[in-house]
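Chain by chain, the residues:
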Amino acid sequence: MPHKAIAYAQQHPAQYQAELIELLKIPSVSAVPEHAADVREAAEWVASNMRTAGLENVDVIETDGHPLVYADWLHAEGAPTVLFYGHFDVQPAEPLDLWESDPFNPAVRDNYLYARGASDDKGQTLILIKAVEAYLQSTGSVPINVKFLLEGEEESGGEQIGHFIPANKEKLAADIAW
């Protein structure tokens, strides 16, 4: 019999895929100034999804560039703390003629999901959020303490996270970062 969190995740594949498709439709191209509002939309989308998952202290952090998103769940007394890192921005999709489908209109072909950001890094980031959600929804807790720091400009230099981390060492303190 699978762990309750695994069983919960196995019961929600259609929901998880639909949510990933929503996120992938946001053209959060951080290197293109015309997409600044899209990067902001992706930050707000991720923050909302984190709140729904049961994470706490969710914050869209203003910077001099694109926003960061922080969230945590710190109720596993005596357990280690893991800091998860990810990003919700993407590279430009050009040249578009090399795509078999619109890069911001996700397509499923042969059980694979194709879209800009599906694996780097929107998909990976959402997997981490959904793992925490599966624990919280099925058991009410997570066996470790978790913190998330997600950025909106990894694909364009990551300058803002470089300023944020040294200024927030205590907030980001963890036993391991992944």
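Up top is the structure.
Here the structure is a predicted model, which means the values were calculated and not measured.

Reading guide: rules and limits
Residues numbered from 1 in each chain as written. Predicted model: local features only at pLDDT ≥ 70, side-chain atom pairs only at ≥ 80, totals over all residues. Heavy atoms only, no water. Helix = DSSP H or I, 4+ residues; strand = E, 2+ residues; numbered from the N terminus. Buried < 20%, exposed > 50% of the residue type's maximum accessible area, 1.4 Å probe, protein only. Contact = heavy atoms within 4.5 Å. Areas by Shrake-Rupley, 256 points an atom, 1.4 Å probe, with all protein chains shown as cover. Pairing = 2+ DSSP bridges. Axes fitted to C-alpha atoms, helices over the stretch in contact; angles between N-to-C directions. Phe/Tyr/Trp six-rings, centres within 6.5 Å; stacked < 30°, edge-to-face > 60°.

Digging into the overall build of the chain
- Per the secondary structure count, the chain includes six helices and seven strands.
- Helices (α) and strands (β) of the chain occur, in sequence order from the N terminus, as α-α-α-β-β-β-β-β-α-β-α-α-β.
- Oriented by its inertia axes, the alpha-carbon framework of the chain measures out at about 50 × 45 × 20 Å.
- Counting the 178 residues in the chain, one finds 47% classified as buried.
- Within the chain, counting contacts between residues at least 6 apart in sequence, those at least 24 apart form 68% of the total.
- Element-wise, carbon and sulfur atoms account for 52% of the exposed surface of the chain, whose accessible area totals about 9300 Å².

A word on the sheet that holds strand β6 (residues 145–151)
- If you trace the five strands from one edge of the open sheet to the other, you get β1-β2-β6-β3-β7, paired in mixed fashion. Edge strands, defined here as strands with exactly one partner in the open sheet, are β1 (56–61) and β7 (176–177).
- Bridge analysis of strand β2 (residues 68–73) against β6 gives six bridges, and the strand direction is antiparallel. When the bridges of β6 are listed, Leu 68 appears paired with Glu 151.
- Across the face of the sheet, helix α4 (residues 122–139) comes into contact with β2, β3 (81–87) and β6 while running at roughly 155° to β6.
- Helix-sheet contacts for helix α5 (residues 159–167) involve β1, β2, β3 and β6, and the interaxial angle to β6 is about 145°.

Remarks on the side chain of Thr 125
- Along the chain, Thr 125 turns up in helix α4.
- Filtering out sequence-adjacent residues up to four positions away, Thr 125 remains in contact with Gly 86, His 87 and Leu 150.

Details of the packing of aromatic side chains
- Under the definition given, this model contains two aromatic pairs.
- Judged by centre distance (5.8 Å) and plane angle (75°), the rings of Phe 84 and Trp 178 are edge-to-face. Taken as a pair, Phe 84 in strand β3 and Trp 178 in the segment after β7 lie far apart in primary sequence, 94 residues in all.
- Residue classification places Phe 84 among the buried residues on the basis of a relative accessible area of 11%.
- Here Trp 178 falls in the exposed class, since its relative accessible area comes to 54%.
- Taken together, the ring pairs in this structure connect Phe 84, Phe 148 and Trp 178 into an aromatic cluster.

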